[in-house]
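Letter by letter, the chains look like this.
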There are 2 protein chains.
Amino acid sequence: MSDQKLKIIPLGGLGEFGMNSMAIRYGDDIIVVDAGMMFPDDELLGVDIVTPDFSYLEQNAAHVRGLILTHGHEDHIGGVPFLLKQISVPVYGTAFTLALVERRLEEHQMTDDAKLNTVKPGDRLELGPFSIEFIHVTHSLVSCVALAITTPLGVIIHTGDYKVDPTPTDNLLFDLHTLAAYGKRGVLLLMSDSTNVDRPGYTESERAVGPRLEDLFVRSPRRLVISCFSSSIHRLQQILDFAHQYGRKVAFFGRSMTNTTEIAHDLGLLTIPDGVLLRPQDAMSLPPNKVVAVVSGTQGEPMSALSRVAVDNHKHLSIERGDTVALSARIIPGNEKGIYRMINHISRRGADVVYGTMNPPIHVSGHGSAEELRLVLNLVRPKYFVPVHGEYRQLARHAKLAQHLSHSGLKETFILESGNTLEIDDHGARKAEDVPVGRVCIDSGTLDEVVEEFVIRDRRHLSEDGFVLPIIAISKSTGRCEGLPEIVSRGFMSSEDSTGVLQEARQVVLKTLESSTAEERGDWGVMQEKIRTDLKRFLNKQTSRRPLIMPVILEV
Amino acid sequence: MSDQKLKIIPLGGLGEFGMNSMAIRYGDDIIVVDAGMMFPDDELLGVDIVTPDFSYLEQNAAHVRGLILTHGHEDHIGGVPFLLKQISVPVYGTAFTLALVERRLEEHQMTDDAKLNTVKPGDRLELGPFSIEFIHVTHSLVSCVALAITTPLGVIIHTGDYKVDPTPTDNLLFDLHTLAAYGKRGVLLLMSDSTNVDRPGYTESERAVGPRLEDLFVRSPRRLVISCFSSSIHRLQQILDFAHQYGRKVAFFGRSMTNTTEIAHDLGLLTIPDGVLLRPQDAMSLPPNKVVAVVSGTQGEPMSALSRVAVDNHKHLSIERGDTVALSARIIPGNEKGIYRMINHISRRGADVVYGTMNPPIHVSGHGSAEELRLVLNLVRPKYFVPVHGEYRQLARHAKLAQHLSHSGLKETFILESGNTLEIDDHGARKAEDVPVGRVCIDSGTLDEVVEEFVIRDRRHLSEDGFVLPIIAISKSTGRCEGLPEIVSRGFMSSEDSTGVLQEARQVVLKTLESSTAEERGDWGVMQEKIRTDLKRFLNKQTSRRPLIMPVILEV
C-alpha cells in the first residue's frame with residue numbers, strides 16, 4: 001500500500017519523432033529516462049537542433065534524483081548537455097553511452113561539472129524510492145539497456161529502443177529471461193518502443209547483413225566505399241572482419257566515424273584485426289582493390305565526408321570509375337532529396353552505387369517489428385501499457401497490438417503525447433493534468449542561442465513572399481510626412497516587375513497618411529497598423545502575394 | 001542516305017525528376033514529345049509549379065510541327081498551357097489525355113486557341129519528315145502510348161511511361177507485338193522510362209491490388225475511406241466494382257477526383273455500376289457500412305479533401321471511431337512529413353489507417369522494374385539507347401542494364417541530362433552542343449508570374465537568418481546624418497535578445513558614417529556597401545548569424 005501517486009510525464013518523443021525524454025515521479029522524487037534531441041523539420045527555418053523543453057525539470061530541480069540513459073543514439077542523449085545546463089543531476093548509463101555523452105559535453109566545455117556514473121546490465125541502482133535494474137537489449141547500437149524500475153506501487157518496464165535479434169553479431173542476446181521473470185512476478189506498467197510497429201513480422205537480424213556485405217567484397221573489382229551510421233558498431237565490426245578476410249585495408253573518414261570507432265575500440269566493443277587499419281591519407285596510394293573506405297554521411301548531410309567525396313572535394317579520397325559505393329543505412333524520411341542528389345554525383349563519377357531497397361538491402365533496422373513488440377508485450381504482460389517513441393499513428397497502432405492482452409491482465413492502454421501525464425495510485429491509473437512541454441529550437445554553433453517560435457514564424461513568412469517596408473520620415477517640427485514615403489522590399493518580386501507596383505504603393509501609403517486625423521498621426525502605433533492594413537490589401541490585390549509588411553516611422 | 005542530322009534535345013526530365021519534355025529535330029523540323037511540370041523542391045521557396053524553360057522552342061517556333069503527348073500525368077502534360085502561351089502548335093494525344101489537357105487550358109482561358117487532335121493506338125501521324133505511330137502501353141493511367149517515330153535516318157522508339165502489366169484490369173495488353181515488329185525491322189534509337197530501374201524483378205500487376213482492396217471491403221465494419229490518385233482510373237474501377245459487389249455506395253470527394261472520373265466516364269473508360277454513385281452530401285446519412293468515400297489528397301497536400309477530412313474540416317465527410325482509411329498510393333519522397341501528419345490526425349479520430357508498406361500494400365507502381373525494362377530493351381534491340389525520365393543515378397543504372405545488348409546490335413548508350421543533345425547522322429551518333437534549358441518557377445495562381453532565381457535566393461537567405469535594415473536619414477541641407485540611425489529587423493533574433501545588439505549596431509553604423517570622407521558620404525552606393533560590410537562583421541561576431549543586411553539611406 002502506498003499513499004503517494006506515481007506519475008508518468010513524457011517530456012518528448014511521444015506523439016513526435018525523436019527527442020525522447022520521460023520523467024517518472026513518485027511523491028516528490030523524480031527520475032528522468034533519456035534526454036534526446038531531434039533534427040528540425042524544414043519548417044523550423046535556420047534551426048539546427050531541437051530539444052524538449054525541460055522547464056518541468058528545472059522547476060522541480062531539487063527533486064530530480066538522476067538521469068538514466070538507455071543507449072547512445074542522438075534522440076536519447078543529444079539533449080543531455082542542454083538539460084545539464086539547466087539542472088545539475090547525476091547521469092547513469094553504460095560505459096559506451098557515457099563515452100558518447102562525454103564527447104558531447106566536451107564540445108560544450110562541460111565535462112568538469114558532469115557527474116557520470118557507469119552501470120552495466122544486471123546492475124541495480126537505488127535513487128530515492130526507485131530501484132532500477134538494467135537489462136541488456138539488442139539494437140543497432142552496442143551497450144543498450146531496458147530499465148526495470150521498482151517503485152512502491154509496482155514495477156515499471158521501460159524498454160528503451162530495441163529489436164529482438166535472435167542472432168546478434170556480438171552474440172550478446174536480448175535478456176529475455178529477466179524480462180520474463182519480471183513479467184511472471186507482475187509488472188505495473190510497460191513502456192515499449194513503437195518505432196516499427198507498422199512493419200509486419202520480424203525485423204531481420206543484424207547478421208543478415210553479413211552475406212550482403214560479403215557479396216560487395218567479392219564482387220567489387222576496385223575500391224569499395226561503404227557509408228553507415230558511425231554508431232553502428234556491429235556493422236563496422238562486420239566490415240572490418242570481411243576486409244581482413246578478403247585482404248583489404250580499412251580507412252575511416254568523417255569525424256564522427258573516427259570518434260565512435262575510437263571509443264568502441266577503447267572499450268573493447270570493436271575488434272580491429274591486426275594490420276587492417278589504414279590512414280585516410282593512404283587510401284588512394286594502395287591498389288584500389290585492396291582498400292575499403294568507411295565514410296560517414298549516409299543521409300547526404302551537405303558537410304559530411306561522403307557528400308564531399310561525392311563532389312570530389314575531399315582531401316584524401318576520390319571516387320573513380322568502376323568503384324563501388326554502398327549506403328549501408330536506411331533513408332530517413334525527409335532526407336531523400338539530399339541523399340539522391342549525393343548519389344547522382346557519385347553516379348556521375350562512374351561508380352556503381354548500391355542503396356535503398358535495391359535487392360538485397362545492405363541494411364536492417366534496429367527496431368523490432370510488430371511480432372517482436374508482441375513478444376515483449378506477452379513476456380511482460382503488464383497491468384498498464386503506454387506505447388512510447390513514435391508519432392500518434394504509431395502509438396495508436398501499438399495500442400491496438402496490445403488489445404489481445406486484455407485476457408492476460410492488461411487493464412488499460414494509455415496513448416500519451418508529450419506533456420500528457422499518467423497518474424497511478426492504489427485505486428488505478430488515469431490521465432492527469434498536462435505539464436507544459438514544447439520544443440526548444442537551437443541555432444547553429446552558438447549553444448546558448450534559442451530561437452523563439454515567433455522568430456521562426458517570421459522567417460517562414462519571409463521565405464514565402466519576402467518583405468515590404470514602407471519608410472515614412474515625419475518632421476519633428478511640423479509633424480508632417482517629409483516627401484513621398486520610401487518603400488524597400490526584398491524576396492518579394494523581381495525588381496523589374498515590382499517597380500510599378502511599389503511606386504503605386506508609395507502613393508497608397510501617402511493617401512493613408514493624408515486621410516488620417518491629426519490625432520491618429522500622433523499615435524505611431526495606430527499609423528503603423530493603418531498603413532500595414534491598407535498596403536496589405538493593395539499588394540494582395542495587385543500581386544496575389546502577402547509579403548511581411550513592416551511600416552517604419554522615422555522622426556527627423 | 002540522308003544529308004540532314006537528327007537531333008535529340010531533352011528540355012526536361014533527364015537528370016531530374018518530373019517536367020518531362022523532349023524535342024526531336026531532323027534538319028529544320030522539330031517535334032516535341034510531352035511538356036510536363038514538376039512540383040518544386042522545398043528550396044524553391046514560395047514557388048508552386050516548375051516547368052522546363054521552353055525558350056529553345058520559342059526561338060525555333062516556326063519549325064515546331066507538333067506537340068505529341070504520351071499520357072495524361074502532370075509530369076507529361078502539366079507544362080502544356082505554358083508552352084502554348086509561348087508558341088502556337090498543334091497538340092496530339094489520346095482522347096483521355098487531351099480531355100485532361102483541356103481542363104488545364106480552361107483554367108488558363110486558353111481553350112479557344114488550342115489545336116487539339118485526337119489520336120488512338122495504331123494511328124499514324126505525318127508531321128514534316130516524321131511519321132509517328134502510336135503504340136498502346138500499360139501504365140497507372142488509361143490511354144497511354146509509346147511512340148514509334150520514323151525519320152529519314154531510322155526509327156526512334158519513345159516509350160513514354162510504362163510497365164509491362166501482364167494482366168491489366170481493363171484487359172488492354174501492352175502492344176508488345178508492334179514493338180517487336182519494329183525491333184525486328186531495326187530501330188535506330190530507343191528512349192525508355194527509367195523511373196523504377198533500381199527495383200529488381202517485375203512490378204506487380206494492377207490486378208494484384210484487387211484482393212487487397214477486396215479485403216478492406218470485407219473487413220471494414222464501418223465507413224471505408226480510400227484515397228488514391230484521381231488519375232488512377234483502373235484503381236477507381238476496381239473500387240467501384242467491389243462497392244457494387246459488397247453493397248456499398250461510392251461518393252467522390254475532391255475537385256480533381258470529380259473531374260477525372262467525369263472525363264473517364266464520358267469517354268467510356270470508367271464503368272459506373274447502376275445506383276452505386278452517392279452524392280457527397282449524402283455520405284454521412286447512409287449507414288456507415290454502406291458507404292465508400294473516395295477522396296483525393298494521398299500526398300497530404302494541405303488543401304486537399306483528405307487533409308481537410310483529417311482535421312474534421314470538411315463539409316460533407318467526417319471520420320469516426322472505427323472507420324477504415326486506406327491510402328492507395330505511394331508516398332512520394334519528400335512528402336512523408338505532411339502525409340504522416342495527416343495520418344496522425346486521422347489516427348486521433350480513432351480510425352484504422354492502412355498506408356505505406358504495411359503488409360500488403362494497397363498499391364502497385366505504374367512503372368516497370370528492371371526486368372520489364374530489360375524486356376523492352378531486348379524487344380527493341382536498338383542501335384543507340386538514351387535512358388529517359390530519371391535522375392542521373394537512374395539513367396546511369398538503366399544504361400548499365402543495357403550493356404548485354406552490345407552483343408545484339410547496341411552500338412552505344414548515351415546518358416543525356418536536360419540540355420545535353422545527341423546528334424545522329426549517317427556516320428554515327430555523338431553528343432553535340434548543349435542547348436540552354438532550365439527551370440521556370442511559377443508562383444501561385446497568377447499564371448504569368450515567374451519567380452526569378454535571385455528572388456528565391458533572397459527568400460532563402462531571409463528564411464535562415466531574417467533581415468536587418470539600418471535606416472539612415474541624411475539631411476538634404478547639411479548632408480549629415482540626422483540623429484542616430486534606426487535599425488529594423490525581423491526573423492533575426494527574439495526582440496529581447498536583440499535589443500542590446502541592435503543598440504550597439506546603431507553605433508557601428510554611426511561610426512562608419514563618421515569615419516567616411518565627405519566624398520564617400522556623397523556616394524550612396526559606396527556608403528551602403530561600407531555600412532553593409534561593417535555591420536555584417538559586427539553581427540556575425542556578436543551573434544554568429546548572417547542576416548540579410550540592406551542599408552536604406554533617406555534624404556530628408
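Residues numbered from 1 in each chain as written. Chains lettered and ligands numbered in written order. Predicted model: local features only at pLDDT ≥ 70, side-chain atom pairs only at ≥ 80, totals over all residues. Heavy atoms only, no water.

**Focus on the nonpolar core**
Okay, step 1: Ranked by internal contacts, the top residues of the largest apolar core, which has 81 residues, are Leu57(B), Leu67(B), Ile157(B) and Val292(B).
Okay, step 2: The residues that make up this core include at least three from each of domain 1 (6–201 + 365–442) and domain 2 (206–354) of chain B.
Okay, step 3: Once residues within four sequence positions are removed from consideration, Leu67(B) is found in contact with Val32(B), Asp34(B), Ala35(B), Val80(B), Leu83(B), Val89(B), Pro90(B), Val91(B) and Tyr92(B).
Okay, step 4: One finds Leu11(A), Phe54(A), Leu105(A) and Ile226(A) within the second-largest nonpolar core, a separate group that totals 80 residues. (Core = buried A, V, L, I, M, F, W, Y, C linked by side-chain atoms within 4.5 Å. Buried < 20%, exposed > 50% of the residue type's maximum accessible area, 1.4 Å probe, protein only. Domains from an automatic or database assignment. Contact = heavy atoms within 4.5 Å.)

**Re the domain arrangement of chain A**
Residues and elements named next belong to chain A.
Okay, step 1: Examined at the domain level, chain A breaks down into domain 1 (6–201 + 365–442), domain 2 (206–354) and domain 3 (466–555).
Okay, step 2: Relative placement of domain 1 and domain 2: their C-alpha centres are 32 Å apart.
Okay, step 3: Listed by partner, the interface residues are 20 residues for domain 1 and 16 residues for domain 2.
Okay, step 4: Across the domain 1 to domain 2 interface the summed buried area is about 1,500 Å²; carbon plus sulfur atoms make up 57%.
Okay, step 5: Counting the surface domain 1 buries against domain 2, the share from its top three residues, Phe96, Arg103 and Thr169, is 36%.
Okay, step 6: Summed over the shared surface of domain 1 and domain 2, the result is one salt bridge.
Okay, step 7: The shortest N-O distance in the salt bridge between Arg103 and Glu262 comes to 3.6 Å.
Okay, step 8: Put simply, domain 1 and domain 2 have seven residue pairs in polar contact (both at pLDDT 80 or more) between them.
Okay, step 9: Tallied by class, the residues present in the side of domain 1 that touches domain 2 amount to eight nonpolar, seven polar and five charged. (Buried area = accessible area lost by both parts, 1.4 Å probe. Salt bridge = Lys/Arg side-chain N within 4 Å of Asp/Glu carboxyl O. Polar contact = N/O pair within 3.5 Å; in protein donor to acceptor, adjacent residues only side chain to side chain. Nonpolar A, V, L, I, M, F, W, Y, C, P; charged D, E, K, R; others polar.)

**Quick notes on the sheet that holds strand β3 (residues 29–33) of chain B**
Residues and elements named next belong to chain B.
Okay, step 1: If you trace the eight strands from one edge of the open sheet to the other, you get β7-β6-β5-β3-β2-β1-β20-β21, paired in mixed fashion. Taken across any chain shown, the strands that pair with only one partner, and hence form the sheet edges, are β7 (116–118) and β21 (428–432). Each neighbouring strand pair of the sheet contributes to a mean axis angle of 20°, computed without reference to strand direction.
Okay, step 2: Pairing of strand β6 (residues 91–93) with β7, which is carried by three bridges, proceeds in the parallel orientation. Bridge pairing in β7 places Tyr92 opposite Asn117.
Okay, step 3: Taken strand by strand, helix α4 (residues 95–107) contacts β6 and β7, and its axis lies near 160° from that of β7. (Pairing = 2+ DSSP bridges. Helix = DSSP H or I, 4+ residues; strand = E, 2+ residues; numbered from the N terminus. Axes fitted to C-alpha atoms, helices over the stretch in contact; angles between N-to-C directions.)

**Points about unusual backbone geometry**
Okay, step 1: You will see that Asp34(A), though not glycine, has its phi angle at about 70°, which is positive.
Okay, step 2: Tracing the backbone shows Asp34(A) in the loop between β3 (29–33) and β4 (49–52).
Okay, step 3: With a phi close to 50°, Gln109(B) is a non-glycine residue in the positive phi region.
Okay, step 4: For Gln109(B), the location among the structural elements is in the loop between α4 and β7.

**Describing the packing of aromatic side chains**
Okay, step 1: Scanning all chains against the criterion turns up 10 aromatic pairs over all chains.
Okay, step 2: Arranged with centres 5.9 Å apart and planes meeting at 40°, the rings of Phe217(B) and Phe242(B) form a pair that is tilted. Of this pair, Phe217(B) sits in helix α6 (residues 209–219) while Phe242(B) sits in helix α7 (residues 233–245), and the two are 25 residues apart along the sequence.
Okay, step 3: Here Phe217(B) falls in the buried class, since its relative accessible area comes to 4%.
Okay, step 4: Exposure remark for Phe242(B): the relative accessible area of 11% places this residue in the buried category.
Okay, step 5: Here the aromatic rings of Tyr340(B) and Tyr355(B) are separated by 6.2 Å at their centres, their planes lie at 65°, and the arrangement is edge-to-face. Linking Tyr340(B) in helix α10 (residues 336–348) with Tyr355(B) in the loop between β17 (352–354) and α11 (370–380), this pair joins segments that are 15 residues apart in sequence. For the residue pair Tyr340(B) and Tyr355(B), the accessibility class agrees, reading buried in each case.
Okay, step 6: Grouping aromatic residues by their ring pairs yields a cluster made of Phe217(A), Phe242(A) and Tyr246(A). (Phe/Tyr/Trp six-rings, centres within 6.5 Å; stacked < 30°, edge-to-face > 60°.)

**Focus: the state of the cysteines**
Okay, step 1: This model, assessed by the stated rule, comprises zero disulfides over all chains.
Okay, step 2: We note that Cys228(A) lacks a disulfide partner, and the nearest cysteine sulfur, in Cys144(A), lies 15 Å from it. (Disulfide = S-S within 2.5 Å.)

**With respect to the side chain of Asp161(A)**
All names here are of chain A.
Okay, step 1: Structurally, Asp161 is set in the loop between β11 (154–158) and α5 (176–185).
Okay, step 2: Although Asp161 lies buried, it forms no salt bridge, and the closest oppositely charged side chain, Arg330, sits 9.6 Å away as judged by the N-O distance.
Okay, step 3: A distance of 3.2 Å separates a polar atom in the side chain of Asp161 from a polar atom in the side chain of His71.
Okay, step 4: If near-sequence neighbours (up to four positions away) are discounted, Asp161 is found in contact with His71, Asp75, His76, Val137, Thr138, His139, Asp193, His367 and His389. (Lys, Arg positive; Asp, Glu negative; His and termini not counted.)

**Quick look at the sheet that holds β17(B)**
Residues and elements named next belong to chain B.
Okay, step 1: The five strands are arranged β14-β15-β13-β16-β17 in an open sheet whose pairing can be described as parallel. A single partner strand is all that each edge strand has here, and the edge strands are β14 (249–253) and β17. Neighbour-to-neighbour, the strand axes of the sheet open up by a mean angle of 20°, direction not taken into account.
Okay, step 2: Relative to strand β16 (residues 324–327), strand β13 (residues 224–227) runs parallel, the two being bridged by four bridges. Bridge assignment links Val225 to a residue of β16, and that residue is Val325.

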